[in-house]
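Spelled out from the first residue to the last, the chains are:
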Amino acid sequence: MTAIATPRKSEPDAGRLQPVAQPAPRPLLARLLRLAWIGRGLWHRVARPLTMGVRALIVDGSDPEDSRVLLIRHSYVGGWHMPGGGVGKGETLCEAMRREVREEVGLIVESDVQPLGVYARFRHGASDHVAVFAVRGWSGVPKADGVEIVEARFFAVDRLPADLSPATRRRLEEFLGRKPLAERW
């Protein structure tokens, strides 16, 4: 039997970057990533390391009337998040943020990078600090890597997904000036 593709209705975002079909994560690999995520949490409870991470709040301001932000879904943890990850040895915060964005969604962060804040995150035994950068200057088309990241899409700031992670929601509220900057993730 052959499946018939039906065209989607025209959306108000026509003419702008549209989400690209994302490959489904391989089940075994997704399970291994989830196991690694759990193992990391256990290691944090025992070793109590001090770690540093970064996140990128990538803004598509091509339409001043309808600003959008790029959000991702991981294969190993639920909800929508900002792209980002850990800072490697010998990396600056900006270098780590640029690398993570390139690895996770294939975008090149070019210019107009503005620090939003540095937040403490003590969940799951971690002593983690996360630097968030607002990014307006970037190039490329977002594409999930299909392994760690299963989906990458732009969302209008007034039409965010219901399963947005609580910390991501707070960072967006701070960025939009709706809430004061917090110290904790």
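Details of the structure are given in the entry above.
Each value, and the rule that gives it
- Residues numbered from 1 in each chain as written.
- Predicted model: local features only at pLDDT ≥ 70, side-chain atom pairs only at ≥ 80, totals over all residues.
- Heavy atoms only, no water.
- Core = buried A, V, L, I, M, F, W, Y, C linked by side-chain atoms within 4.5 Å.
- Buried < 20%, exposed > 50% of the residue type's maximum accessible area, 1.4 Å probe, protein only.
- Helix = DSSP H or I, 4+ residues; strand = E, 2+ residues; numbered from the N terminus.
- Phe/Tyr/Trp six-rings, centres within 6.5 Å; stacked < 30°, edge-to-face > 60°.
- Lys NZ or Arg CZ within 6 Å of the ring centre and 35° of its normal.

1. Overview of the nonpolar core
Right, so step 1: Ile58, Leu70, Met97, Val101, Val105, Leu107 and Val135 are the most contacted members of the largest nonpolar core, which totals 19 residues.
Right, so step 2: Put simply, the parts of the chain that give this core at least two residues each are β1 (50–60), β2 (68–74), α2 (93–105), β6 (127–139) and β7 (149–156).
Right, so step 3: If you look at the next biggest cluster of nonpolar residues, it comprises 16 residues, including Leu71, Val132, Val157 and Leu172.

2. Structural notes on the packing of aromatic side chains
Right, so step 1: Counted by the stated rule, this structure contains three aromatic pairs.
Right, so step 2: Their ring planes at 70 degrees and their centres at 5.8 Å tell us that tyrosine 119 and tryptophan 185 sit as a pair that is edge-to-face. Of the two residues, tyrosine 119 is situated in strand β5 (residues 108–121) and tryptophan 185 in the segment after α3 (166–175); the sequence distance between them amounts to 66 residues. The pair formed by tyrosine 119 and tryptophan 185 is uniform in burial state, with each residue classed as buried.
Right, so step 3: Each ring, one from tryptophan 138 and one from phenylalanine 154, has its centre 5.4 Å from the other, and the planes form 25 degrees; the classification is stacked. With tryptophan 138 in strand β6 and phenylalanine 154 in strand β7, this residue pair connects regions lying 16 residues apart in the sequence. Of the two residues, tryptophan 138 and phenylalanine 154, neither departs from the other in class, the shared state being buried.
Right, so step 4: One Lys or Arg, arginine 171, reaches over the ring of tyrosine 119 and ends 3.9 Å from the middle of that ring.
Right, so step 5: Over the ring of tryptophan 185 we find arginine 171; its NZ or CZ atom is 5.2 Å from the centre of that ring.

3. Some thoughts on the environment of glycine 84
Right, so step 1: Among the structural elements, glycine 84 can be located in strand β4 (residues 84–86).
Right, so step 2: For glycine 84, a relative accessible area of 10% corresponds to the buried category.
Right, so step 3: The sequence separation of glycine 84 and isoleucine 72 amounts to 12 residues, and the corresponding C-alpha distance is 9.6 Å.

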